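# Working through the structure, step by step
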Amino acid sequence: MLRSILLIFLVSLTFALDNGLGRTPPMGFNTWNHFYCNIDEKIIKNSADFLVSLGLKDLGYNYVNIDDCWMANARVDGKLVANATRFPSGIKALAKYCHDKGLKLGIYSSAGTKTCQKLPASLGYEDVDAATWASWDIDYLKYDNCFRDSQSALARYSKMRDALNKTGRPMFYSICNWGQEEVWKWGKDVGNSWRTTGDIEDRFESMRKIYMRNVILGDYGKPGGWNDPDMLEVGNGKMNTIEYRTHFTLWAMAKSPLLIGCDLTKIKKVDLDILKNKAIIALNQDKTGDQARCKMACREQDFRRTARRAQIAVMKTVDGYALAITNWNDRQIIYGTRVVFSELGLDGSSYKAVELWTKQELGVVKDSFIHRALVPHGTAVYRLTKV
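Residues numbered from 1 in each chain as written. Predicted model: local features only at pLDDT ≥ 70, side-chain atom pairs only at ≥ 80, totals over all residues. Heavy atoms only, no water.

### Notes on the state of the cysteines
- Counting across every chain of the model gives 3 disulfides.
- With a sulfur-sulfur separation of 2.0 Å, Cys116 is cross-linked through a disulfide to Cys146. Linking Cys116 and Cys146, the disulfide has an S-S dihedral of approximately 90° and is accordingly described as right-handed. Here Cys116 is found in the loop between β3 (104-110) and α5 (126-135), whereas its partner Cys146 is found in the loop between β4 (140-144) and α6 (153-167), with 30 residues between them in sequence. (Disulfide = S-S within 2.5 Å. Helix = DSSP H or I, 4+ residues; strand = E, 2+ residues; numbered from the N terminus.)

Spelled out as structure tokens, the structure:
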């Protein structure tokens, strides 16, 4: 244990990711949650096109990230190359396509001998691969954790950090080691974000469990380096609208990267409206960089069916606070939830209170207010602006 602590200390003293990126959490699109390994050049171009045409780019969604399965089955002259059937124009041409639209292109690899889909990965090839991506004008790297050797995650991910630094090209560095080896304790010295959990699924219970694991880590995420509870499932169809609103709200307030994971060419208006809620996006991009922390009903036994209490999470904003009031239960909370400022650590100011989904204005409130009924799996989110 002492040796591990000393190693982390020495790494933080001697090296750091110095790319100036991630001052707010990144926003964009990733192929994996919907397309999995079934990707090609057309899907990437369509996704870029629809980020622009749907108005998402104008709201800050500017990364188009290619996940696993873009590469050929073997290296050529020691370098990664694109699958020629899926990506006949090559990755550099895709980067230009995105850049010409004012977007950025992201790529994927793994800190192991193979990717999770058993394709060539980057362990032992860090300098070569980083230089290749820089030559392709890549803007973002998601770096997975499959087929790793006996080296620690800190050692493996630091090697790629140093390789990226050597290129001189700023690339957002997303550590994807599934929350292992307490990555939140050393991630800020190595990457711009770090996965705190395993993979999300398009199910309410999966989303809930991942959120609960991530919400306790609010002390670690800061501008330049963010906790990452995985990508968004909004629009993939297995949660309902209420649940997707809860998902999007809590990911935004967790200062998670907001990476859309559905097929944008087929997205329903109700799901698009969730992703385009400017008031919720503003919480994610708030310059304080404060991740919401759970303040009430934070344990499982506090909010499950017998208790039927709402959970409350709080984050600071540049002009006050935001509160998320969540009903994790399958039954409606009909008696209302009293929000007492002193119990949540808010100061004694008066605030203008607005609910950000319904746009209901409560006027000026002081000390407390009551949120009425809360539907199953629903979340109300209030922005409290000091007056």
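Read on, since the account is not over.
### What to know about the packing of α5 against α6
- Where α5 contacts α6, the axes come no closer than 8 Å and their chain directions differ by 45°. One way to sum up the angle between α5 and α6 is to call them oblique. Here α5 runs over α6; the crossing is right-handed. Along the contact surface, α5 presents Glu126, Asp127, Ala130, Ala131, Trp133 and Ala134, while α6 presents Lys159, Met160, Ala163, Leu164, Lys166 and Thr167.
- Counted by class, the contact of α5 with α6 contains 7 nonpolar, 1 polar and 4 charged residues. (Axes fitted to C-alpha atoms, helices over the stretch in contact; angles between N-to-C directions. Parallel < 35°, antiparallel > 145°, perpendicular 65-115°, else oblique. Left-handed = near helix turned anticlockwise from the far one by under 90°. Contact = heavy atoms within 4.5 Å. Nonpolar A, V, L, I, M, F, W, Y, C, P; charged D, E, K, R; others polar.)

### Considering α6
- With 15 residues, α6 should reach 21 Å at 1.5 Å per residue; the first-to-last C-alpha distance of 22 Å fits that figure.
- Those residues of α6 lying buried are Ala153, Leu154, Arg156, Tyr157, Ser158, Met160, Arg161, Ala163 and Leu164.
- One or two residues past the end of α6 sits Gly168, with phi positive at roughly 80°. (Expected span 1.5 Å × (residues − 1). Buried < 20%, exposed > 50% of the residue type's maximum accessible area, 1.4 Å probe, protein only.)

### Observations regarding the packing of aromatic side chains
- Under the criterion given, the structure shown has 14 aromatic pairs.
- Taken together through their ring pairs, the aromatic side chains of Tyr321, Phe341, Tyr351, Phe369 and Tyr382 make up a single cluster.
- The residue whose ring lies beneath Lys45 is Tyr97, and the NZ or CZ to ring-centre distance is 5.1 Å.
- Its guanidinium or amino end placed over the ring of Tyr125, Arg75 lies 3.6 Å from that ring's centre, counting from NZ or CZ. (Phe/Tyr/Trp six-rings, centres within 6.5 Å; stacked < 30°, edge-to-face > 60°. Lys NZ or Arg CZ within 6 Å of the ring centre and 35° of its normal.)

### Considering the environment of Gln291
- If you trace the backbone, Gln291 turns up in the loop between α11 (278-284) and β9 (293-296).
- On the basis of relative accessible area, Gln291 is assigned to the buried category, the value being 1%.
- Note: C-alpha distance between Gln291 and Met315 (24 residues apart in sequence) is 5.9 Å.
- Contact partners of Gln291, with chain neighbours within four places excluded, come to Asn214, Val215, Leu217, Gly218, Asn227, Met253, Ala254, Lys255, Val314 and Met315.
- In terms of polar contacts, Gln291 uses its side chain to reach the backbone carbonyl oxygen of Asn214, at 3.3 Å. (Polar contact = N/O pair within 3.5 Å; in protein donor to acceptor, adjacent residues only side chain to side chain.)

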